[in-house]
Amino acid sequence: MDVGPEAAAAPGIMVGMRAVVQRVDGASVVVEDRTVGAIEGEGLCVLVGVTHEDTKEKAAQLARKLWTIRMLQDERSCSDTGAPLLVISQFTLYGDARKGRRPTWNAAAPGEVAEPLVDEVVAQLRSLGATVETGRFGARMRVSLTNDGPFTVLLEI
């Protein structure tokens, strides 16, 4: 089913780039039995979802927020401590399971839109001075992490 941007604006669906951010004490992502990204010690594991209306400007805004959000110990940010981030694309953040038993993904941007914007978040973070590891877009990934706190925040830009 090919659904355009109008589906993303359906009542009750938030429109905008979305990230689930977890303070971690180490995290990694494995694809086909190979670790493709990992961080050690205190840092942030970030699942990023992209919707139809997202732009490079929103990606840059999300990167600035991730770099400066005070989620680490003693209310510090990655910019304060140099803590690393593991950024993983996650279209399922736009799953809608309000009706029926099977989620729909209408609000999630297609890969050709989402991948460059997730890459832009990573590039912007790196330009700010962040150490960033990533998953692999579109791959079946196994993510492991130790949530420190637990401390998890949902960001919508």
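Here the structure is a predicted model, which is why all the values come from computation and not from measurement. (Residues numbered from 1 in each chain as written. Predicted model: local features only at pLDDT ≥ 70, side-chain atom pairs only at ≥ 80, totals over all residues. Heavy atoms only, no water.)

Peer 1: Provide a residue-level description of the nonpolar core, including the pertinent values.
Peer 2: If you look at the biggest cluster of nonpolar residues, it comprises 30 residues, and the most contacted ones within it are Leu85 and Leu125. Secondary structure elements with two or more residues in this core: strand S1 (18–31), strand S2 (34–49), helix H2 (56–68), strand S3 (85–89) and helix H4 (111–127). Here this core takes six residues from H4, the largest share from any one element. Formed by 10 residues, the second largest nonpolar core is a distinct cluster that contains Val20, Ile39, Leu47 and Leu86. (Core = buried A, V, L, I, M, F, W, Y, C linked by side-chain atoms within 4.5 Å. Buried < 20%, exposed > 50% of the residue type's maximum accessible area, 1.4 Å probe, protein only. Helix = DSSP H or I, 4+ residues; strand = E, 2+ residues; numbered from the N terminus.)

Peer 1: Any details on unusual backbone geometry? Residues and values, ideally.
Peer 2: A cis amide bond, omega -5°, links Gly149 with the succeeding residue Pro150. Following the sequence through the fold, Pro150 ends up in strand S5 (residues 142–156). Backbone geometry at Asp74 places phi at a positive 60°, although glycine is not the residue there. The phi dihedral of Glu75 falls on the positive side, at around 55°, and the residue is not glycine. Checked against the element boundaries, Glu75 lands in the loop between H2 and helix H3 (78–81). Judged by its relative accessible area of 60%, Glu75 is exposed.

Peer 1: Mind laying out the side chain of His52, listing which residues take part and the relevant values?
Peer 2: Locating His52 in the fold gives a position in the loop between S2 and H2. Looking at His52, its side chain comes within polar contact range of the main-chain oxygen of Ala108, at 3.4 Å. (Polar contact = N/O pair within 3.5 Å; in protein donor to acceptor, adjacent residues only side chain to side chain.)

Peer 1: Quick one: what's the story with the pattern of salt bridges, residue by residue and with numbers?
Peer 2: Between side chains of opposite charge, a pair can form as their charged atoms come close. Scanning the entire structure with this criterion turns up five salt bridges. In this structure, Glu156 engages Arg18 in a salt bridge whose closest nitrogen and oxygen atoms are separated by 2.8 Å. Note that Glu156 is positioned in strand S5 and Arg18 in strand S1, a separation of 138 residues in sequence. Judged by relative accessible area, which is 34%, Glu156 ranks as partly exposed. Of the residues examined, Arg18 reaches a relative accessible area of 12% and is grouped as buried. In this structure, Arg98 engages Asp96 in a salt bridge whose closest nitrogen and oxygen atoms are separated by 2.6 Å. Residue Arg98 is classed as exposed on the basis of its relative accessible area of 53%. (Salt bridge = Lys/Arg side-chain N within 4 Å of Asp/Glu carboxyl O.)

Peer 1: Talk me through the sheet that holds S2; I want residue IDs and the actual numbers.
Peer 2: Strands sit in the order S4-S3-S2-S1-S5 across an open sheet of five strands; the sheet is mixed. A strand with exactly one partner marks an edge of an open sheet, and here the two such strands are strand S4 (132–134) and S5. Neighbouring strand axes in the sheet, compared pairwise and without regard to direction, differ in orientation by 35° on average. For S1 and S2, the ladder comprises 13 bridges, and the chain directions are antiparallel. What sits directly across from Ser28, in S2, is Ala38. (Pairing = 2+ DSSP bridges. Axes fitted to C-alpha atoms, helices over the stretch in contact; angles between N-to-C directions.)

Peer 1: Describe the packing of H2 against H4, naming the residues involved and giving the relevant values.
Peer 2: Put simply, H2 and H4 touch, their axes get as near as 8 Å, and they point 45° apart. One way to sum up the angle between H2 and H4 is to call them oblique. The handedness of the crossing between H2 and H4 is right-handed. Of H4, the residues touching H2 (which contributes Lys56, Ala59, Ala60, Leu62, Ala63, Leu66 and Trp67) are Leu117, Glu120, Val121, Gln124 and Leu125. The class makeup of the residues in the contact of H2 with H4 is nine nonpolar, one polar and two charged. (Parallel < 35°, antiparallel > 145°, perpendicular 65-115°, else oblique. Left-handed = near helix turned anticlockwise from the far one by under 90°. Contact = heavy atoms within 4.5 Å. Nonpolar A, V, L, I, M, F, W, Y, C, P; charged D, E, K, R; others polar.)

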